[in-house]
Amino acid sequence: MQLCMAYVAEQVKTAAAVGVAVFRSAPRRYAMRTMFRILPVLAATTLGACAFSSHPTKPSALGTSRSSAELLAVVDQPGPIELQTIAAADWAVDRSGLLNLQHPRAKAAGLTDGDEPIQLFFHVVRHPTQGMYIIDSGVERALRDDPDHAAVRGLAARFMHREKLKIHVPLGEWLSRQNEPLRGVLLTHLHLDHVMGIPDVPKGTPIFTGPGETGARAFLNVVVRPNIDREFEGQAPIQEWQYQPDAAGRFAGVLDVFGDGSLWALSVPGHTHGSTAYLARTPKGAVLFTGDTCHTAWGWENDVEPGTFTADHPGNAESLARLRTLVREHPTIDVRLGHQPLTGSSGGH
Ligand SMILES: [Zn+2]
(Lines give C-alpha, C1' and ligand atoms only; values in the text may rest on other atoms or scores of the structure.)
Protein backbone atom coordinates (compact mmCIF):
# COMPACT_ATOMS: atom_id res chain seq x y z
CA MET A 1 0.00 0.00 0.00
CA GLN A 2 2.62 2.53 1.14
CA LEU A 3 4.89 1.62 -1.76
CA CYS A 4 2.07 1.72 -4.25
CA MET A 5 0.72 5.08 -3.10
CA ALA A 6 4.22 6.59 -2.86
CA TYR A 7 4.88 5.43 -6.39
CA VAL A 8 1.61 6.84 -7.65
CA ALA A 9 2.11 10.08 -5.73
CA GLU A 10 5.50 10.39 -7.42
CA GLN A 11 3.94 9.81 -10.85
CA VAL A 12 1.20 12.34 -10.17
CA LYS A 13 3.73 14.88 -8.90
CA THR A 14 5.91 14.42 -11.98
CA ALA A 15 2.95 14.67 -14.34
CA ALA A 16 1.61 17.71 -12.48
CA ALA A 17 4.99 19.42 -12.51
CA VAL A 18 5.38 18.79 -16.24
CA GLY A 19 1.79 19.93 -16.77
CA VAL A 20 2.25 23.17 -14.82
CA ALA A 21 5.50 23.92 -16.65
CA VAL A 22 3.81 23.28 -20.01
CA PHE A 23 0.83 25.47 -19.07
CA ARG A 24 3.14 28.31 -18.03
CA SER A 25 5.30 28.21 -21.11
CA ALA A 26 3.08 27.26 -24.00
CA PRO A 27 -0.05 28.31 -25.81
CA ARG A 28 -3.18 26.80 -24.21
CA ARG A 29 -4.04 24.40 -27.07
CA TYR A 30 -0.51 22.94 -27.08
CA ALA A 31 -0.60 22.68 -23.29
CA MET A 32 -3.89 20.77 -23.35
CA ARG A 33 -2.58 18.41 -26.03
CA THR A 34 0.53 17.71 -23.98
CA MET A 35 -1.52 17.06 -20.85
CA PHE A 36 -3.66 14.57 -22.74
CA ARG A 37 -0.42 12.84 -23.79
CA ILE A 38 0.83 12.74 -20.22
CA LEU A 39 -2.32 11.28 -18.71
CA PRO A 40 -2.23 7.95 -20.60
CA VAL A 41 1.45 7.58 -19.68
CA LEU A 42 0.51 8.19 -16.05
CA ALA A 43 -2.31 5.69 -16.40
CA ALA A 44 -0.06 3.08 -18.04
CA THR A 45 2.72 3.41 -15.49
CA THR A 46 0.20 3.16 -12.68
CA LEU A 47 -1.85 0.34 -14.16
CA GLY A 48 0.48 -2.41 -13.05
CA ALA A 49 1.21 -0.78 -9.74
CA CYS A 50 -2.07 -0.69 -7.84
CA ALA A 51 -4.26 -3.51 -6.64
CA PHE A 52 -7.85 -2.93 -5.54
CA SER A 53 -7.13 -3.22 -1.83
CA SER A 54 -4.12 -3.87 0.37
CA HIS A 55 -6.26 -5.45 3.11
CA PRO A 56 -4.85 -8.91 3.95
CA THR A 57 -6.62 -12.05 2.76
CA LYS A 58 -6.55 -15.71 3.76
CA PRO A 59 -8.27 -18.89 2.58
CA SER A 60 -11.82 -19.23 3.88
CA ALA A 61 -12.38 -21.45 6.92
CA LEU A 62 -15.98 -21.97 5.78
CA GLY A 63 -17.37 -23.76 2.74
CA THR A 64 -17.16 -27.28 1.34
CA SER A 65 -16.61 -27.74 -2.38
CA ARG A 66 -19.53 -29.52 -4.08
CA SER A 67 -20.77 -30.30 -7.55
CA SER A 68 -23.71 -28.28 -8.89
CA ALA A 69 -25.48 -31.67 -9.19
CA GLU A 70 -25.55 -31.78 -5.37
CA LEU A 71 -27.04 -28.28 -5.30
CA LEU A 72 -29.71 -29.24 -7.86
CA ALA A 73 -30.64 -32.32 -5.80
CA VAL A 74 -31.88 -30.07 -2.97
CA VAL A 75 -32.60 -26.71 -4.60
CA ASP A 76 -36.37 -27.28 -4.81
CA GLN A 77 -36.67 -28.54 -1.24
CA PRO A 78 -37.55 -26.14 1.61
CA GLY A 79 -34.62 -25.24 3.86
CA PRO A 80 -33.97 -23.74 7.31
CA ILE A 81 -32.73 -20.23 6.43
CA GLU A 82 -34.80 -17.18 7.42
CA LEU A 83 -34.18 -14.21 5.12
CA GLN A 84 -34.73 -10.50 5.18
CA THR A 85 -33.73 -7.99 2.48
CA ILE A 86 -33.05 -4.43 3.68
CA ALA A 87 -32.98 -1.52 1.22
CA ALA A 88 -30.37 0.57 3.04
CA ALA A 89 -30.35 3.45 0.57
CA ASP A 90 -31.71 4.80 -2.71
CA TRP A 91 -29.23 6.02 -5.26
CA ALA A 92 -29.02 6.91 -8.95
CA VAL A 93 -26.16 6.07 -11.32
CA ASP A 94 -25.47 6.06 -15.06
CA ARG A 95 -27.55 3.52 -16.97
CA SER A 96 -24.52 2.93 -19.24
CA GLY A 97 -22.69 1.54 -16.19
CA LEU A 98 -25.54 -0.74 -15.18
CA LEU A 99 -26.41 -2.04 -18.65
CA ASN A 100 -24.45 -2.70 -21.82
CA LEU A 101 -26.29 -0.15 -23.98
CA GLN A 102 -24.40 -1.42 -27.06
CA HIS A 103 -26.10 -4.81 -26.74
CA PRO A 104 -28.49 -5.36 -29.69
CA ARG A 105 -31.44 -5.90 -27.33
CA ALA A 106 -30.68 -2.66 -25.46
CA LYS A 107 -30.46 -0.81 -28.79
CA ALA A 108 -33.68 -2.40 -30.05
CA ALA A 109 -35.43 -1.30 -26.84
CA GLY A 110 -34.19 2.25 -27.39
CA LEU A 111 -32.37 2.44 -24.05
CA THR A 112 -30.29 5.57 -23.65
CA ASP A 113 -27.87 6.78 -21.00
CA GLY A 114 -29.02 8.82 -18.04
CA ASP A 115 -29.69 8.43 -14.32
CA GLU A 116 -31.15 5.05 -13.36
CA PRO A 117 -32.70 4.75 -9.88
CA ILE A 118 -31.17 1.90 -7.89
CA GLN A 119 -30.98 0.71 -4.30
CA LEU A 120 -28.20 -0.45 -2.01
CA PHE A 121 -29.23 -3.65 -0.25
CA PHE A 122 -28.03 -5.91 2.45
CA HIS A 123 -29.65 -9.28 3.04
CA VAL A 124 -29.94 -10.95 6.43
CA VAL A 125 -29.41 -14.72 6.59
CA ARG A 126 -30.51 -16.39 9.83
CA HIS A 127 -29.51 -20.02 10.25
CA PRO A 128 -30.95 -22.02 13.18
CA THR A 129 -27.54 -23.08 14.51
CA GLN A 130 -24.96 -20.93 12.63
CA GLY A 131 -26.60 -17.65 13.63
CA MET A 132 -26.95 -14.36 11.76
CA TYR A 133 -24.95 -13.44 8.65
CA ILE A 134 -25.42 -10.65 6.13
CA ILE A 135 -24.90 -10.72 2.36
CA ASP A 136 -23.23 -7.44 1.29
CA SER A 137 -23.25 -4.56 3.73
CA GLY A 138 -25.45 -1.55 2.88
CA VAL A 139 -23.94 1.71 4.13
CA GLU A 140 -22.17 2.82 7.30
CA ARG A 141 -23.79 5.17 9.80
CA ALA A 142 -21.13 7.88 9.31
CA LEU A 143 -22.05 8.25 5.64
CA ARG A 144 -25.39 9.69 6.83
CA ASP A 145 -24.44 11.27 10.15
CA ASP A 146 -20.83 12.42 9.67
CA PRO A 147 -19.94 12.19 5.95
CA ASP A 148 -16.60 13.99 6.29
CA HIS A 149 -15.38 11.09 8.42
CA ALA A 150 -16.98 8.27 6.43
CA ALA A 151 -14.66 5.76 4.77
CA VAL A 152 -15.76 7.02 1.34
CA ARG A 153 -14.76 10.64 1.07
CA GLY A 154 -12.91 13.12 -1.10
CA LEU A 155 -12.56 12.44 -4.80
CA ALA A 156 -14.25 9.02 -4.62
CA ALA A 157 -17.30 10.53 -2.90
CA ARG A 158 -17.53 13.12 -5.69
CA PHE A 159 -17.06 10.43 -8.38
CA MET A 160 -19.93 8.41 -6.93
CA HIS A 161 -22.21 11.45 -6.52
CA ARG A 162 -22.76 10.96 -2.83
CA GLU A 163 -25.36 13.76 -2.96
CA LYS A 164 -27.67 11.37 -4.85
CA LEU A 165 -27.49 8.79 -2.07
CA LYS A 166 -30.59 8.79 0.17
CA ILE A 167 -29.79 6.66 3.20
CA HIS A 168 -32.70 4.95 4.98
CA VAL A 169 -31.08 2.42 7.32
CA PRO A 170 -27.34 2.44 8.01
CA LEU A 171 -25.98 -1.00 8.89
CA GLY A 172 -24.84 0.09 12.38
CA GLU A 173 -28.30 1.40 13.25
CA TRP A 174 -29.92 -1.84 12.05
CA LEU A 175 -27.39 -4.02 13.92
CA SER A 176 -27.95 -2.09 17.17
CA ARG A 177 -31.62 -3.14 17.08
CA GLN A 178 -30.84 -6.87 16.80
CA ASN A 179 -30.67 -9.15 19.80
CA GLU A 180 -28.14 -11.56 18.34
CA PRO A 181 -24.54 -11.05 17.21
CA LEU A 182 -23.46 -10.81 13.58
CA ARG A 183 -21.54 -14.01 12.81
CA GLY A 184 -20.16 -13.05 9.41
CA VAL A 185 -20.40 -10.96 6.23
CA LEU A 186 -20.75 -12.69 2.87
CA LEU A 187 -19.71 -10.28 0.13
CA THR A 188 -20.73 -10.74 -3.50
CA HIS A 189 -17.67 -8.68 -4.53
CA LEU A 190 -15.56 -5.78 -3.33
CA HIS A 191 -16.94 -2.86 -5.33
CA LEU A 192 -17.26 0.22 -3.16
CA ASP A 193 -21.07 0.25 -3.15
CA HIS A 194 -21.11 -3.27 -1.66
CA VAL A 195 -18.61 -2.66 1.15
CA MET A 196 -19.78 0.77 2.36
CA GLY A 197 -21.37 -0.75 5.48
CA ILE A 198 -18.23 -2.61 6.60
CA PRO A 199 -17.06 0.11 9.06
CA ASP A 200 -20.24 -0.65 11.10
CA VAL A 201 -19.38 -4.38 11.27
CA PRO A 202 -17.94 -5.26 14.71
CA LYS A 203 -14.16 -5.69 14.39
CA GLY A 204 -13.08 -9.30 14.14
CA THR A 205 -16.29 -10.49 12.46
CA PRO A 206 -15.38 -12.98 9.70
CA ILE A 207 -15.73 -11.41 6.23
CA PHE A 208 -15.84 -13.58 3.10
CA THR A 209 -15.52 -12.88 -0.62
CA GLY A 210 -14.50 -14.57 -3.86
CA PRO A 211 -10.85 -15.20 -4.77
CA GLY A 212 -8.76 -12.42 -6.31
CA GLU A 213 -11.11 -9.57 -5.40
CA THR A 214 -8.48 -7.48 -3.63
CA GLY A 215 -5.90 -8.02 -6.38
CA ALA A 216 -7.82 -6.61 -9.36
CA ARG A 217 -5.65 -3.95 -10.94
CA ALA A 218 -6.87 -0.80 -12.62
CA PHE A 219 -5.87 2.83 -13.01
CA LEU A 220 -8.93 4.07 -11.12
CA ASN A 221 -7.74 2.11 -8.09
CA VAL A 222 -5.47 5.07 -7.36
CA VAL A 223 -8.65 6.88 -6.33
CA VAL A 224 -10.74 3.95 -5.10
CA ARG A 225 -8.15 1.97 -3.16
CA PRO A 226 -7.68 4.27 -0.14
CA ASN A 227 -11.47 4.25 0.27
CA ILE A 228 -11.71 0.45 0.07
CA ASP A 229 -8.85 0.14 2.55
CA ARG A 230 -10.59 2.54 4.96
CA GLU A 231 -13.79 0.45 4.72
CA PHE A 232 -11.85 -2.59 6.02
CA GLU A 233 -9.61 -0.74 8.50
CA GLY A 234 -9.27 -2.75 11.72
CA GLN A 235 -11.16 -5.73 10.31
CA ALA A 236 -9.88 -9.31 10.24
CA PRO A 237 -8.22 -10.58 7.03
CA ILE A 238 -10.80 -11.11 4.28
CA GLN A 239 -11.45 -14.82 3.82
CA GLU A 240 -11.48 -15.95 0.18
CA TRP A 241 -13.82 -18.73 -0.95
CA GLN A 242 -11.80 -21.80 -2.02
CA TYR A 243 -13.65 -22.76 -5.20
CA GLN A 244 -12.84 -25.98 -7.03
CA PRO A 245 -14.01 -26.68 -10.60
CA ASP A 246 -17.66 -27.78 -10.61
CA ALA A 247 -17.64 -31.47 -11.62
CA ALA A 248 -20.97 -30.98 -13.42
CA GLY A 249 -19.66 -27.90 -15.27
CA ARG A 250 -22.64 -25.68 -14.55
CA PHE A 251 -20.72 -23.03 -12.58
CA ALA A 252 -17.06 -22.08 -12.20
CA GLY A 253 -17.28 -23.42 -8.64
CA VAL A 254 -19.91 -24.37 -6.03
CA LEU A 255 -19.49 -24.23 -2.24
CA ASP A 256 -21.82 -25.49 0.47
CA VAL A 257 -21.18 -22.67 2.96
CA PHE A 258 -22.34 -24.34 6.21
CA GLY A 259 -21.96 -27.95 5.04
CA ASP A 260 -25.68 -28.73 5.41
CA GLY A 261 -26.91 -27.68 1.95
CA SER A 262 -28.78 -24.63 3.28
CA LEU A 263 -26.59 -21.85 1.88
CA TRP A 264 -24.49 -22.00 -1.29
CA ALA A 265 -21.79 -19.79 -2.80
CA LEU A 266 -21.58 -19.88 -6.60
CA SER A 267 -18.52 -18.64 -8.49
CA VAL A 268 -19.76 -16.30 -11.25
CA PRO A 269 -16.65 -14.48 -12.56
CA GLY A 270 -16.98 -11.59 -14.97
CA HIS A 271 -18.34 -8.50 -13.25
CA THR A 272 -15.26 -8.88 -11.09
CA HIS A 273 -12.75 -11.74 -10.97
CA GLY A 274 -14.14 -13.25 -7.78
CA SER A 275 -17.83 -12.33 -8.16
CA THR A 276 -19.97 -14.66 -6.07
CA ALA A 277 -23.71 -15.34 -6.12
CA TYR A 278 -25.41 -16.91 -3.11
CA LEU A 279 -28.37 -19.24 -2.91
CA ALA A 280 -30.27 -19.70 0.36
CA ARG A 281 -32.90 -22.40 0.99
CA THR A 282 -35.77 -21.04 3.09
CA PRO A 283 -39.00 -22.67 4.30
CA LYS A 284 -40.72 -20.95 1.33
CA GLY A 285 -38.15 -22.07 -1.25
CA ALA A 286 -34.77 -21.03 -2.64
CA VAL A 287 -33.63 -17.42 -3.00
CA LEU A 288 -30.80 -16.46 -5.38
CA PHE A 289 -28.66 -13.37 -4.77
CA THR A 290 -27.02 -12.49 -8.07
CA GLY A 291 -24.74 -9.69 -6.83
CA ASP A 292 -23.76 -7.38 -9.67
CA THR A 293 -23.63 -10.18 -12.24
CA CYS A 294 -26.97 -8.46 -12.86
CA HIS A 295 -27.67 -4.99 -11.43
CA THR A 296 -31.09 -4.29 -12.95
CA ALA A 297 -34.50 -5.84 -13.53
CA TRP A 298 -34.32 -4.96 -17.24
CA GLY A 299 -30.93 -6.66 -17.52
CA TRP A 300 -32.26 -9.86 -15.94
CA GLU A 301 -35.47 -9.95 -17.96
CA ASN A 302 -33.67 -9.29 -21.24
CA ASP A 303 -30.46 -11.24 -20.59
CA VAL A 304 -28.21 -8.18 -21.01
CA GLU A 305 -25.10 -7.93 -18.87
CA PRO A 306 -23.97 -4.74 -17.05
CA GLY A 307 -22.18 -1.95 -18.91
CA THR A 308 -19.06 0.02 -18.01
CA PHE A 309 -19.12 -1.08 -14.35
CA THR A 310 -18.18 -4.61 -15.44
CA ALA A 311 -14.59 -5.80 -15.88
CA ASP A 312 -15.06 -8.70 -18.31
CA HIS A 313 -18.14 -8.49 -20.55
CA PRO A 314 -18.03 -11.99 -22.11
CA GLY A 315 -17.34 -13.54 -18.69
CA ASN A 316 -20.16 -11.54 -17.06
CA ALA A 317 -22.57 -12.43 -19.88
CA GLU A 318 -21.73 -16.13 -19.51
CA SER A 319 -22.18 -16.06 -15.72
CA LEU A 320 -25.50 -14.23 -16.12
CA ALA A 321 -26.65 -16.83 -18.63
CA ARG A 322 -25.73 -19.63 -16.18
CA LEU A 323 -27.74 -18.03 -13.38
CA ARG A 324 -30.72 -17.46 -15.71
CA THR A 325 -30.58 -21.09 -16.85
CA LEU A 326 -30.68 -22.24 -13.20
CA VAL A 327 -33.78 -20.11 -12.57
CA ARG A 328 -35.45 -21.12 -15.85
CA GLU A 329 -35.04 -24.78 -14.87
CA HIS A 330 -36.16 -24.11 -11.27
CA PRO A 331 -38.72 -21.33 -11.68
CA THR A 332 -39.74 -21.20 -8.02
CA ILE A 333 -36.34 -19.66 -7.17
CA ASP A 334 -36.87 -16.10 -5.94
CA VAL A 335 -34.27 -13.78 -7.53
CA ARG A 336 -32.74 -10.79 -5.71
CA LEU A 337 -30.64 -8.66 -8.07
CA GLY A 338 -27.66 -6.45 -7.25
CA HIS A 339 -29.46 -3.10 -7.21
CA GLN A 340 -33.14 -3.34 -8.15
CA PRO A 341 -36.12 -5.44 -7.16
CA LEU A 342 -37.09 -7.82 -9.92
CA THR A 343 -40.72 -6.72 -10.03
CA GLY A 344 -42.01 -3.21 -10.71
CA SER A 345 -39.11 -2.21 -12.97
CA SER A 346 -39.61 0.84 -15.20
CA GLY A 347 -37.27 -0.81 -17.69
CA GLY A 348 -34.96 2.19 -17.70
CA HIS A 349 -36.57 3.90 -20.66
ZN1 LIG B 1 -20.25 -4.08 -8.75
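Residues numbered from 1 in each chain as written. Predicted model: local features only at pLDDT ≥ 70, side-chain atom pairs only at ≥ 80, totals over all residues.

Caption draft 1: Layout of helix H12 (residues 313-329). For H12, which comprises 17 residues, the first-to-last C-alpha distance of 24 Å matches the rise-based estimate of 24 Å (1.5 Å per residue) to within 8%. When we look at burial in H12, the residues that qualify are Gly315, Asn316, Ser319, Leu320, Arg322, Leu323 and Leu326. The arc enclosing the buried residues of H12, seen along the axis, measures out at 155°, which places them on a common side. Exposed residues lying more than 90 degrees from the buried face of H12 are Pro314, Thr325, Arg328 and Glu329. In this fold, the buried residues of H12 make contact with strand E12 (276-282) and strand E13 (285-289). (Helix = DSSP H or I, 4+ residues; strand = E, 2+ residues; numbered from the N terminus. Expected span 1.5 Å × (residues − 1). Buried ≥ 20, exposed ≤ 12 C-beta atoms within 10 Å, placed from the backbone. Arc of directions from axis to C-beta. Contact = placed C-beta atoms within 7 Å.)

Caption draft 2: Region of interest: the pairing of E13. With four of five residues buried, E13 lies mostly within the body of the structure. Where E12 meets E13, five bridges bridge the pair, whose relative direction is antiparallel. Following the sheet pairing, alanine 280 is matched in E13 by valine 287. Counted between consecutive antiparallel strands, the loop separating E12 from E13 contains two residues. As paired strands, E13 and strand E14 (residues 334-336) are joined by three bridges and run parallel to one another. Of the residues in E14, the one forming a bridge with valine 287 is aspartate 334. (Pairing = 2+ DSSP bridges.)

Caption draft 3: Summary view of the sheet that holds strand E7 (residues 182-186). Taking strand neighbours across the sheet as the criterion, the eight strands line up as E1-E9-E8-E7-E5-E4-E3-E6 in an open arrangement whose pairing is mixed. Unpaired on one side and paired on the other, strand E1 (57-59) and strand E6 (166-167) mark the two borders of the sheet. Here E1 runs beside strand E9 (residues 238-240); their pairing, made up of three bridges, is parallel. Pairing of lysine 58 across the sheet is with glutamine 239, part of E9.

Caption draft 4: Region of interest: the pairing of strand E5 (residues 131-135). In this sheet, E5 lies alongside strand E4 (residues 115-127) in antiparallel orientation, the contact comprising five bridges. Considered in E5, the bridge of histidine 127 is made with glycine 131. The turn joining E4 and E5, which pair antiparallel and follow one another in sequence, is formed by three residues. Both E5 and E7 contribute to a ladder of four bridges, which runs parallel. Bridging from a neighbouring strand, isoleucine 135 pairs with leucine 186 of E7.

Caption draft 5: Up close: unusual backbone geometry. Here histidine 161, not a glycine, exhibits a phi torsion of approximately 50°, which is positive. Here histidine 161 lies in the loop between helix H7 (155-159) and E6. A tally of 13 C-beta atoms within 10 Å means that histidine 161 is categorised as partly exposed. Positive phi, close to 55°, is recorded for aspartate 303, a residue that is not glycine. With respect to the element layout, aspartate 303 can be found in the loop between helix H11 (297-302) and H12. Residue aspartate 303 is classed as partly exposed on the basis of its C-beta count, with 13 C-beta atoms lying within 10 Å.

So yeah, pure geometry; function would need other evidence.
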